[in-house]
Amino acid sequence: MTQVLEVSEMSVSFPRRSGLLGKSQPLRVVENVSFEVGKGEVVALVGESGSGKSTIARAVLRLLPIDNGRITLADVDITTLSQRALRPHRRNAQLVFQDPYSSLDPSMTAIEIVEEPLRGFAMSREERLRSAQELLASVGLAGVEGRYPYEFSGGQRQRIAIARALAPRPALIICDEPVSALDLSTQNQIISLLDSLRQSLGVSYLFISHDLSVVRRIADRVLVMYAGEIVEEGPTERVFRDPVHPYTLALLSAVPAVVGDRSKHAKRIVLEGDLPVPGAPPPGCRFHTRCPFAMDVCRSEVPAWTEFDHGVSGRCHLHTSGSTLGFSGLTQFAEDAMASTDRDRGQTSI
Amino acid sequence: MTVQDSATTALRVKELCVDVATPEGWATVVEDVSLAVDVGEIHGLVGESGSGKSLTAMAIMGLITHSQSARVTGGEVLLGDVDLLKLSNRDLRRHQGKDLAMVFQEPMTSLNPAFTVADQIGESIRYHLGASRKEARERSIELLEEVGIADARRRCNDYPHQFSGGMRQRVMLAVALACEPRLLIADEPTTALDVTVQAQMLELIRSLVERHGMAVIFITHDLGVIAEICDRTTVFYAGQVIESGLVGEVIKGPRHPYTEGLLRSVPADDDLPLWWIDGSPPLPGQVSSGCRFSPRCEYSKNECDTHAVPLRLSADGRAIRCALADDLSLNGRD
Ligand SMILES: Nc1ncnc2c1ncn2[C@@H]1O[C@H](COP(=O)(O)OP(=O)(O)OP(=O)(O)O)[C@@H](O)[C@H]1O
Ligand SMILES: Nc1ncnc2c1ncn2[C@@H]1O[C@H](COP(=O)(O)OP(=O)(O)OP(=O)(O)O)[C@@H](O)[C@H]1O
Ligand SMILES: [Mg+2]
Ligand SMILES: [Mg+2]
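Residues numbered from 1 in each chain as written. Chains lettered and ligands numbered in written order. Predicted model: local features only at pLDDT ≥ 70, side-chain atom pairs only at ≥ 80, totals over all residues. Heavy atoms only, no water.

(A) Seen up close, the coordination of the magnesium ion (ligand 4). Residue and element names in this part refer to chain B. Note on the magnesium ion (ligand 4): its protein donors are S54 (OG) and Q105 (OE1). The metal-donor distances range over 1.9 to 2.2 Å. With S54 in helix α1 (residues 53-60) and Q105 in the loop between β6 (100-103) and α3 (107-110), the pair connects residues that are 51 residues apart, well separated along the chain. Classification of Q105 as partly exposed rests on a relative accessible area of 24%. (Donors = N, O, S within 2.8 Å, 3.2 Å for Na, K, Ca; no water. Helix = DSSP H or I, 4+ residues; strand = E, 2+ residues; numbered from the N terminus. Buried < 20%, exposed > 50% of the residue type's maximum accessible area, 1.4 Å probe, protein only.)

In structure tokens, the structure reads:
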């Protein structure tokens with residue numbers, strides 16, 4: 001097994017009533033996404049709020065029905081398994097939620113929370129409790145087994161959630177914004193914990209986050225989503241250094257800095273224009289309504305998925321249709337373009 | 001500290017105390033917290049998870065007076081001359097939503113799952129501003145557009161569960177801003193948002209501050225956001241204010257070791273290993289009599305553990321709760 005998770009051409013819709021007749025019309029919020037997570041690999045899923053990240057997480061775990069596509073988890077095609085047949089495979093993928101407050105059962109103690117997912121296993125109660133105790137210790141929470149969730153801080157609660165996710169020895173943990181509710185010091189503690197668990201246990205992560213500085217720290221590869229589609233994919237290093245999609249570039253440019261240093265992407269690209277409407281994407285490239293560099297072709301033709309150098313792929317006409325970019329790449333191109341608009345408007349910042 | 005002119009002070013919190021129920025009995029988790037927010041000012045609250053930021057906010061909003069597991073045990077919350085803690089429920093409700101409004105940390109627990117988004121935004125517009133159903137609906141759609149919800153006219157008929165995490169947060173912001181409050185308390189309003197949408201929300205808040213002189217208490221763990229939009233900041237640790245001052249000064253020159261630690265946790269160079277403050281904060285009811293940060297503090301001396309440390313105000317408007325502050329030279333970020 002080299003891939004822990006393989007998702008191919010998966011689409012997901014929500015039913016939605018509309019109009020006076022209340023006719024149900026599906027609303028497609030994830031369109032044809034394909035990606036893989038290798039053994040021991042950390043793959044980050046980033047993208048705008050509402051772009052479909054949590055939907056992908058839930059669909060991959062078969063918590064939501066999918067329209068089409070295939071999901072292979074630890075070499076088993078789980079796409080069409082009945083919920084019953086799915087049960088033994090479920091343990092292979094566990095989910096950690098953003099909110100360490102509402103995701104833990106308030107009426108259970110820490111050790112019960114971690115022990116619970118082991119109940120289906122052929123283990124005695126003593127074995128389960130011992131295992132849960134070891135797991136709590138491995139996330140730095142020894143000696144507090146009998147306490148209830150509200151007695152813990154947010155960071156400690158998130159560690160309990162991680163211990164619980166690890167309990168059934170999954171091959172994959174899907175983390176949906178696991179640290180965004182936490183302060184920075186605690187975030188760093190959790191990230192380094194996740195990283196050491198990957199090294200010691202070989203677990204893989206699909207790591208959903210909107211925080212690029214966190215993603216940069218932990219992910220081997222990154223998938224960038226926009227309006228239900230993956231628009232760019234590649235090794236984190238490369239994508240951060242020289243993104244191929246203007247949306248990725250805009251994301252990178254908007255990170256607020258603690259101090260006035262935005263050196264690498266000195267100028268903030270503010271996205272204007274119409275937001276994509278879920279289920280009714282604009283024609284052509286889905287990003288064209290907000291893209292500062294949109295060309296005519298972008299409004300009519302869907303850009304093809306293209307492989308670039310260094311393992312980066314993406315869909316953007318700037319690179320393919322009569323490329324205006326040359327060898328300088330998108331970052332340089334954007335800087336030049338913005339510099340010239342500034343001159344035109346007689347101002348220095350965007 | 002200079003006596004601030006009440007005409008420019010939007011909100012003044014004095015020595016607020018909040019207790020919560022623990023298996024061992026009531027424990028104080030917000031202790032003697034004082035804050036002042038001027039008209040047109042954005043005041044950022046930061047601090048470790050569990051340090052009492054949300055409870056402070058809820059107490060200011062008058063939302064924990066009737067809870068079984070938490071109670072306000074002292075202090076004043078002055079909005080103008082009115083002490084909100086002394087108001088009856090009925091009088092309080094006249095202020096809530098209109099004079100002061102809050103964006104809650106957990107949108108799902110504060111949005112009502114049984115009502116459409118338009119109903120929830122429209123409710124306070126109708127209650128406080130006496131708008132008709134139709135006017136309230138139109139205004140709700142406008143507000144949804146302002147917080148960047150695409151296709152707002154259609155989506156306003158959706159229920160909260162049909163929105164993504166970040167969209168719910170933005171709906172909360174729309175509800176809070178519906179009546180253009182004089183004071184907005186925003187509790188982690190952008191944690192679920194990516195940077196581009198976050199920038200848009202910050203811009204919206206800032207524009208209301210500039211246009212209407214709205215005062216804002218902004219709770220966040222993101223020091224980047226503090227640096228970007230706040231004028232002042234107050235740092236919490238284990239239920240106490242441990243440092244307070246102008247944002248630029250606190251970031252450049254922290255004077256409490258915990259603040260230094262938080263700033264040091266901000267990733268600087270990608271090649272440096274991640275850094276964090278070892279250990280965990282004390283649990284409610286298990287605080288020591290001395291400095292609460294001392295067990296995790298690299299500068300700690302014996303005296304730190306034995307004597308309670310008062311919050312000291314310095315001439316330049318800074319407040320610091322550290323017995324060693326005068327002898328330490330701490331590193332900030334610049
Ligand atoms: N149960 C549901 N019914 C109808 N629509 C839904 C439902 N859940 C999500 N959606 C819609 O699907 C789209 C994608 O939502 P999703 O939660 O996957 O976004 P996300 O990328 O996780 O966003 P965020 O970063 O804000 O959490 C959104 O437009 C959302 O409104
Ligand atoms: N209703 C409650 N009952 C009992 N304990 C509570 C209650 N609400 C909060 N607490 C406890 O009070 C302390 C302060 O909580 P608060 O929510 O104010 O922290 P916070 O600073 O907002 O943290 P975070 O950054 O994680 O949101 C925590 O230890 C928390 O567990
Ligand atoms: Mg989500
Ligand atoms: Mg809070």
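That shown, we press on.
(B) The nonpolar core, seen in detail. Counting 68 residues, the largest nonpolar core has V114, L136, I160, I162, I173, Y205 and V222 of chain A as its most contacted members. Residue contributions to this core peak at six residues, all from helix α5 (residues 154-166) of chain A. Here this core gathers at least three residues from each of two domains, domain 1 (3-11 + 26-219) and domain 2 (236-345) of chain A. With residues up to four places along the chain from it excluded, the contact list for Y205 of chain A reads V37, E41, V42, V43, L172, I173, C175, L194, L197 and R198 of chain A. Core analysis: the second largest hydrophobic core is formed by 66 residues, A101, L223, C297 and I320 of chain B among them. (Core = buried A, V, L, I, M, F, W, Y, C linked by side-chain atoms within 4.5 Å. Domains from an automatic or database assignment. Contact = heavy atoms within 4.5 Å.)

(C) Layout of the environment of F35 of chain A. Residues and elements named next belong to chain A. Assignment of secondary structure puts F35 in strand β4 (residues 27-38). According to the relative accessible area criterion, F35 is buried, its value standing at 3%. Sequence spacing of F35 and P88 is 53 residues, and the spatial spacing of their C-alpha atoms is 23 Å.

(D) Up close: the pattern of salt bridges. Residues and elements named next belong to chain B. All told, the structure shown has 32 salt bridges over all chains when counted by the stated rule. In this structure, the salt-bridge partner of R232 is E41, at a minimum N-O distance of 3.0 Å. Taken together, the positions of R232 in strand β9 (residues 232-237) and E41 in the loop between β2 (25-38) and β3 (42-47) put the pair 191 residues apart, joining distant regions of the chain. Relative accessible area serves as the criterion here: at 8%, E41 is assigned to the buried category. Between R153 and E138 there is a salt bridge, with its nearest N and O atoms 3.1 Å apart. Residue R153 is found in helix α6 (residues 152-155), and its partner E138 is found in helix α5 (residues 133-146); the two are separated by 15 residues along the sequence. (Salt bridge = Lys/Arg side-chain N within 4 Å of Asp/Glu carboxyl O.)

(E) Fine view of unusual backbone geometry. The backbone of R169 of chain A sits at a positive phi, close to 55°, despite the residue not being glycine. What makes R169 of chain A exposed here is its relative accessible area of 52%. Here E180 of chain B, not a glycine, exhibits a phi torsion of approximately 45°, which is positive.

By themselves, these observations are geometric and do not establish any function.
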